[in-house]
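The residues making up each chain are set out below.
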Amino acid sequence: LQGVPASRSLSWALVWQVAALMSGESAIVLTGWLLAFALLLDRTPWRERCRSLLPTVGLSLVWLVAYRLAGLGMAHSGLYTDPVAEPVRYFLQFCDRAPVLLGSVFGFFVADFYSFASAEARVWLLLSQLLVLVILLLVLVPLARRDPTLLFWSLCTLMTLIPLSGTLPMERLLLLPSLAARGLQ
């Protein structure tokens, strides 16, 4: 923000981050987006990049600890897998659900159908999604090597799927991944 003192900008950034986190746990993704920005697009020295991330990463960690201590979330519901408490189960679900969500972001498939399909149909749907995503990667990877902005939005899109893959793939979850994927166009 040009013309606004850095301390005031930081204060507003943290206020908006708190508001986002209080409105839904999926907002934790925004911290990842800031990390991706610092890694791929910020041209300041590494020390300054790390220092600029301290407030937002610190706030995210405080929120995460408070969230856990308050017993919030969908633990033990059967619909949500906690990546911290059940990392192996979560990883397997991520491998199953992330391609479906990603395919749905790009309009190749409606994620809601996947959760209610038969086991045989799910295999075919997943294979078709993986095929489409491989083709998409074959196109995007060479372009992303030349364009750091494209790489940034690709990473943001993928990072957004991390918290969303803990539950059933649903279209209603796709706001943040769709925003990130919009940067790829």
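Model, not experiment: these values are computed from the prediction.

### Overview of helix α3 (residues 46-69)
Because each turn of an α-helix spans 3.6 residues, side chains separated by three or four positions end up pointing in the same direction.
Line of reasoning, step 1. The terminal C-alpha atoms of α3, which comprises 24 residues, lie 33 Å apart, in line with the 34 Å expected from a rise of 1.5 Å per residue.
Line of reasoning, step 2. Along α3, the sharpest kink reaches roughly 40 degrees, centred on Leu54 and followed within four residues by the proline Pro55.
Line of reasoning, step 3. When we look at burial in α3, the residues that qualify are Arg49, Leu53, Thr56, Leu59, Ser60, Trp63 and Tyr67.
Line of reasoning, step 4. Positive backbone phi, at 70 degrees, marks Gly71, one or two positions downstream of α3.

### Structural notes on the packing of helix α6 (residues 119-146) against helix α7 (residues 148-164)
Line of reasoning, step 1. As a packed pair, α6 and α7 sit with axes 6 Å apart at the nearest point and diverge in direction by 125 degrees. Relative to α7, the element α6 is oriented oblique. Each of Leu140, Leu143, Ala144 and Arg146 in α6 lies in contact with α7, whose residues at this interface are Pro148, Leu150 and Leu151.
Line of reasoning, step 2. Of the residues belonging to the contact of α6 with α7, the class tally is 6 nonpolar, no polar and 1 charged.

### Observations concerning the packing of aromatic side chains
Line of reasoning, step 1. According to the stated counting rule, one finds 5 aromatic pairs in the structure shown.
Line of reasoning, step 2. With a centroid separation of 6.3 Å and 35 degrees between ring planes, the pair formed by Tyr90 and Phe94 is classed as tilted. Of the two residues, Tyr90 and Phe94 both sit in helix α4 (residues 87-105), 4 residues apart, roughly one turn of that helix.
Line of reasoning, step 3. On the accessibility criterion, Tyr90 (9% relative accessible area) is buried.
Line of reasoning, step 4. Ring geometry for Phe152 and Trp153: centres 4.8 Å apart, planes at 70 degrees, overall edge-to-face.
Line of reasoning, step 5. Accessibility expressed as a relative area gives 7% for Phe152, which makes it buried.
Line of reasoning, step 6. Aromatic rings pair up to connect Trp33, Phe37, Phe152 and Trp153 into one cluster.
Line of reasoning, step 7. One Lys or Arg, Arg49, reaches over the ring of Trp46 and ends 4.1 Å from the middle of that ring.
Line of reasoning, step 8. When the ring centre of Tyr114 is taken as reference, the NZ or CZ atom of Arg122 above it lies at 4.6 Å.

### Some words on a nonpolar patch on the surface
Line of reasoning, step 1. Taken together, the side chains of Val123, Trp124, Leu127 and Leu130 define a hydrophobic patch exposed on the protein surface, amounting to about 410 Å² of accessible area.
Line of reasoning, step 2. Note that Leu127 resides in helix α6.
Line of reasoning, step 3. Owing to a relative accessible area of 44%, Leu127 belongs among the partly exposed residues under this scheme.

Rules used in this analysis
- Residues numbered from 1 in each chain as written.
- Predicted model: local features only at pLDDT ≥ 70, side-chain atom pairs only at ≥ 80, totals over all residues.
- Heavy atoms only, no water.
- Helix = DSSP H or I, 4+ residues; strand = E, 2+ residues; numbered from the N terminus.
- Expected span 1.5 Å × (residues − 1).
- Bend = angle between axes of the 7 residues up to and from the residue.
- Buried < 20%, exposed > 50% of the residue type's maximum accessible area, 1.4 Å probe, protein only.
- Axes fitted to C-alpha atoms, helices over the stretch in contact; angles between N-to-C directions.
- Parallel < 35°, antiparallel > 145°, perpendicular 65-115°, else oblique.
- Contact = heavy atoms within 4.5 Å.
- Nonpolar A, V, L, I, M, F, W, Y, C, P; charged D, E, K, R; others polar.
- Phe/Tyr/Trp six-rings, centres within 6.5 Å; stacked < 30°, edge-to-face > 60°.
- Lys NZ or Arg CZ within 6 Å of the ring centre and 35° of its normal.
- Patch = residues over 30% accessible without salt bridge, like charges linked within 9 Å, V, L, I, M, F, W, Y side chains within 5 Å.
- Areas by Shrake-Rupley, 256 points an atom, 1.4 Å probe, with all protein chains shown as cover.
- Salt bridge = Lys/Arg side-chain N within 4 Å of Asp/Glu carboxyl O.

Keep in mind these numbers describe shape, not what the thing actually does.
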